[in-house]
Amino acid sequence: MEIVYVYVKKRSEFGRPCYFSDRPAELHADLLPDAALAATFLARDPCDVGAQCAPDVSEHEVNTERFESESRGINHVEGGWPKDVNPQEMEQTIRFRKKVEKDENYMNTIMQLGTLMEHSIKQNNAIDIYQEYFEEEDEEDEEEVTDAKEQPAAKTINVFRDPNEVKRTASSLSWHPDGNHKLAVAYSCLEFQRAPKDMSFDSYIWDIENPNRPELTLKPVSPLVSLEYNPKDSHILLGGSYNGQIAYWDTRKGGQPVEMSAIEHSHRDPVYKVIWLQSKTGTDAFSTSTDGQVLWWDIRKMSEPTERLVLDLSRKENLENALTAVSLEFEPTMPTKFMVGTEQGLVVSCNRKAKTPAEKIVCTYSGHHGPIYALQRNPFFPKYFLTVADWTARIWSEDIKESSIMWTKYHMAYLMDGCWSPVRPSVFFTVKMDGTLDAWDFLFKRNDPTLSVKVCDEALCSLRVQDNGRLLACGSQLGTATLLEISPGLCTMQRNEKTLATAMAEREAKREKILEARQREMRLKERSRSEQSKEDESRELDGEVTTEDLVARAEKDFFQIVEAELKKMEKDKEDEKEKEVCEEKEC
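Starting from 1, residues in each chain are numbered consecutively following that chain's sequence as written. With the structure being a predicted model, the display of local features is reserved for residues of pLDDT at least 70 and the display and counting of side-chain atom pairs for 80 or more, all residues being used for whole-chain, interface and lining totals. Here the side-chain values reflect all heavy atoms present in the structure, with hydrogen atoms and water set aside.

Draft legend 1. Unusual backbone geometry, seen in detail. For the bond running from D45 to P46, omega is 5 degrees, close enough to zero to count as cis. Under the scheme used here, helices are H or I runs from DSSP no shorter than 4 residues and strands are E runs no shorter than 2 residues, and both carry numbers assigned from the N terminus. In this structure, P46 sits in the segment before α1 (90-101). For D390, which is not glycine, the phi torsion reads 40 degrees and is therefore positive. Each residue's exposure class comes from its accessible area (1.4 Å probe, protein chains only) as a fraction of the maximum for that residue type: buried when under 20%, exposed when over 50%, partly exposed otherwise. You can call D390 buried: its relative accessible area is 0%.

Draft legend 2. Up close: the nonpolar core. Ranked by internal contacts, the top residues of the largest apolar core, which has 20 residues, are F429, L437, L463, L472 and C474. Looking at this core, the elements with two or more residues in it are β23 (427-432), β24 (436-441), β25 (451-454), β26 (460-465), β27 (471-476) and β28 (481-486). Residue contacts for L463: discarding those within four places in its chain leaves L173, D417, G418, C419, F429, T430, V431, L437, L472, A473 and C474. Among the nonpolar cores identified, the runner-up in size contains 19 residues, and Y384, M406, W440 and A501 belong to it. Among the buried residues, those of types Ala, Val, Leu, Ile, Met, Phe, Trp, Tyr and Cys that are joined through side-chain atoms within 4.5 Å form a nonpolar core. The contact definition used throughout considers only heavy atoms, calling two residues in contact when any of these lie within 4.5 Å.

Draft legend 3. Quick peek at the sheet that holds strand β2 (residues 169-175). In space, the 4 strands of this open sheet follow the order β2-β3-β4-β5, with antiparallel pairing throughout. Taken across any chain shown, the strands that pair with only one partner, and hence form the sheet edges, are β2 and β5 (216-218). On average, each strand axis in the sheet is tilted by 25 degrees relative to the strand beside it, whichever way the strands run. Strands were regarded as paired on the criterion that DSSP finds at least two bridges between them. The angle between two axes is taken between their N-to-C directions and runs from 0 to 180 degrees, where each axis is a line fitted to C-alpha atoms and a helix contributes only its stretch in contact.

Draft legend 4. Fine view of the packing of aromatic side chains. Aromatic pairs are defined between Phe, Tyr and Trp rings, using the six-membered ring for Trp, whenever the two ring centres lie within 6.5 Å; interplanar angles under 30 degrees are classed as stacked, those over 60 as edge-to-face, and all others as tilted. For the structure on display, the rule yields 16 aromatic pairs. Between F286 and W296, the aromatic rings sit 5.8 Å apart at their centres with planes inclined by 10 degrees, giving stacked as the arrangement. One end of the pair, F286, is in strand β11 (residues 284-289); the other, W296, is in strand β12 (residues 293-298), with 10 residues separating them in the sequence. Note on W296: relative accessible area 1%, which makes it buried.

Draft legend 5. Geometry of the environment of R168. Secondary-structure assignment places R168 in the loop between β1 (154-160) and β2. Its relative accessible area of 1% is what places R168 among the buried residues. Taking the C-alpha atoms as reference, R168 lies 6.7 Å from Q477; in sequence the two are 309 residues apart. Discounting chain neighbours no more than four positions away, the residues touching R168 are D162, Y187, S188, M199, S200, F201, D202, Y204, Q477, L478 and G479. Any pair of nitrogen or oxygen atoms within 3.5 Å is treated as a polar contact; in protein, a donor-acceptor pairing is required on top of that, and neighbouring residues in sequence qualify only through side-chain atoms on both sides. At 3.1 Å, the side chain of R168 forms a polar contact with the side chain of D162. A distance of 2.7 Å separates a polar side-chain atom of R168 from the backbone oxygen of D202.

Draft legend 6. Quick peek at helix α2 (residues 104-126). The span one expects for a helix is its residue count, reduced by one, times 1.5 Å. Between the first and last C-alpha of α2 there are 34 Å, a value that for 23 residues agrees with the 33 Å anticipated at 1.5 Å per step. Among the residues of α2, the N-terminal cap falls to D103, whose side-chain oxygen and the backbone nitrogen of N105 are separated by 3.3 Å.

Draft legend 7. The arrangement of the pattern of salt bridges in detail. One side-chain nitrogen of Lys or Arg within 4 Å of one carboxyl oxygen of Asp or Glu is enough to make a salt bridge. In the structure shown here, the tally under the stated rule is 27 salt bridges. Among the ionic pairs, E228 bridges to K273, the shortest N-O distance being 3.9 Å. In this pair, E228 is assigned in strand β6 (residues 224-229) and K273 in strand β10 (residues 271-276), connecting sequence segments 45 residues apart. Residue classification places E228 among the buried residues on the basis of a relative accessible area of 10%. In this structure, E497 engages R424 in a salt bridge whose closest nitrogen and oxygen atoms are separated by 3.0 Å. With E497 in helix α5 (residues 497-542) and R424 in the loop between β22 (415-420) and β23, this residue pair connects regions lying 73 residues apart in the sequence. No difference in accessibility class separates E497 from R424, as the two residues are buried.

Draft legend 8. Region of interest: the side chain of H411. Mapping H411 onto the fold places it in the loop between β21 (406-407) and β22. For H411, the residues in contact, after removing those within four places along its chain, are W391, K432, D438 and W440.

Draft legend 9. Inspection of the environment of G418 at higher detail. Tracing the backbone shows G418 in strand β22. On the basis of relative accessibility, which here comes to 9%, the residue G418 falls in the buried class. Sequence separation between G418 and E89 is 329 residues, and the spatial gap between their C-alpha atoms is 57 Å. Not counting the four nearest positions on each side in its chain, G418 is found in contact with A374, L386, V388, F429, T430 and L463.

Draft legend 10. Region of the structure containing the side chain of D417. With respect to the helices and strands, the residue D417 is situated in strand β22. It turns out D417 is buried and unbridged, and the closest side chain with the opposite charge, K273, is 7.2 Å from it. Of note is the side chain of D417, whose polar atom sits 3.0 Å from the backbone nitrogen of L463. If sequence neighbours within four positions are ignored, D417 has contacts with Y373, A374, V388, F429, T430, V431, C461, S462 and L463. By the counting scheme adopted, Arg and Lys are positive, Glu and Asp are negative, and His together with the chain ends is not counted.

Draft legend 11. The sheet that holds strand β18 (residues 372-377), seen in detail. With antiparallel pairing, 4 strands are arranged side by side in an open sheet as β18-β19-β20-β21. Both edges of this open sheet fall to β18 and β21, since each of them pairs with a single strand only. By the bridge criterion, 6 bridges tie strand β19 (residues 384-389) to strand β20 (residues 392-397) in an arrangement that is antiparallel. Note that in β20 the partner of F385 across the bridge is W396.

Draft legend 12. Up close: empty space enclosed by the protein. The definitions used throughout rest on a 1 Å grid laid over the protein atoms alone, on which a cavity is an enclosed set of points accommodating a 1.4 Å probe that cannot get out and a pocket is an open set flanked by protein within 12 Å on both sides along at least five of seven lines; lining residues are those having an atom within 4 Å of a point. Grid points are joined across faces, edges and corners, and a volume is the space filled by probe spheres set on the points. Per the counting criterion, the structure on display carries 3 cavities of 30 Å³ or more. Empty space within the largest cavity amounts to approximately 80 Å³. Lining of the largest cavity is provided by A393, I395, M406, W407, T408, F428, W440, D441, F442, K445 and R446. Put simply, the parts of the chain that give the lining of the largest cavity at least two residues each are β20, β21 and β24. Classification convention: Asp, Glu, Lys, Arg as charged; Ala, Val, Leu, Ile, Met, Phe, Trp, Tyr, Cys, Pro as nonpolar; all other residues, Gly among them, as polar. The residue inventory of the lining of the largest cavity, partitioned by class, reads 7 nonpolar, 1 polar and 3 charged.

Draft legend 13. Highlighting the environment of D284. Among the secondary structure elements, D284 is positioned in strand β11. Taking the relative accessible area as the measure of exposure, D284 reaches 22% and is therefore partly exposed. With near-sequence residues (within four places) excluded, D284 lies in contact with W276, L277, S279, W297 and D298.

Draft legend 14. Local environment of the state of the cysteines. When two cysteine sulfur atoms lie within 2.5 Å, the pair is treated as a disulfide. Applying the stated criterion across every chain, the model contains 0 disulfides. Free cysteine: C47, not disulfide-bonded; nearest cysteine sulfur from C53 at 17 Å. Here C474 stays unpaired: no disulfide links it, and the sulfur of C456, its closest cysteine neighbor, is 8.0 Å away.

Right under this line is the structure:
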């Protein structure tokens, strides 16, 4: 049976909007049950029905078009001259000026423009349109707001990836000294004899506004392990290579190195750190490596180092016994001192101006169980310095060599790098092998970091903070350099922060000095006791003990026993008297 219902509508009403209205229900068909059809059906008992409790979902991927930016330069030259006048020729320009100055229209024009210019200058001098009248009040309000509400935070600004197919570790980072708008990244594979054959040796300079393409490609003969901008000349970079050579680049001359050190006078192992020295010429630097040497260089003469130091604690300058160095520290305010962090967990304090090489090694600081990957003095208090190694970061005082004055807890992941904040004396940063960046403020709390951010899934190997303390760059094991911006609370000097940081550091240093003196006293007592017992034993063995000594020793032992027995008897009598008094009271 087929049911058909015809909807009729006039042709003129097609396309008009529909207007619905309520009306009672109408019955168009009624199908009654047919008992004859029931015999053709079979009853299913039991009846299995599949059901899915989870909702149906579908996965879609959308990729937006990547925005690519390109940097272009414009060269402005002197213009406004007629075609027949060459601006490079001094005689032609002087002749043309004299010709124009004699013209009457020139004088009239200058006089008219002079009155307009004078009026504009007077207007500018009348009021300063850029003056801020309530700047101090705004700063106070901002400080109150930040103190009360702001929580430490960090957000990713940009990501710079190694453009090569074979990914390498971002082993070193360096900010451009003028404006901090560029970031130099050194790429290398530090796994010994595991570097792929087709691995690129290139390192790059990135513009922080353009992560798509590096601004300049540096082409060394061996992968760069360390790279540093010259603070006096922003066009010059110094790099330490995996094969031990030192090279420098001038960005105005392209990506090829200007000059390199001779391989026979260079380091024998990878150069883990290079630092520019404070000098009048701005061409002096020094480097260190795991071959146990510290070498000084002048980039005007790279054929051989100007000075050499072997990190041999026996002061014999034996390279076979030298400590292997992986970090280096130099403070411009202390030009004669520098410090070296070693793979053995020692910090070696040195004096460059010592008369003999043996006197250059002043002292050592021990406290770590592994290589010291980061070593830096506090920019506000150079007396205190930070070390990052094994699973902890430690703060040391120059005066205390036995132990550090403050330290972090032992982490589950290995620490790979760290540095102080350039704007806050109590804040420092560390990166770990699990891809986490930690910000510490020892005035706020010391057991846990103030801020912990998961930057990436691979290990973070390098860290560098911008001079204004606002931007951080982290380099990973797969060649990714991540740029992060931290909240103002971590990069703004707090009230009385210097005073509080100094007081806390001095308090901890004083505590460590007391403990150090106590341990020294205990060691002296133990030494004197052991020496006394050794003397007594040697006398008995040699038969030098006389009868008088034996009698005196026996008398001393006898009287000690008698005194002990008398004291015991007196104590027993006192106990009996107390018992008798108690019994009388009870009666």
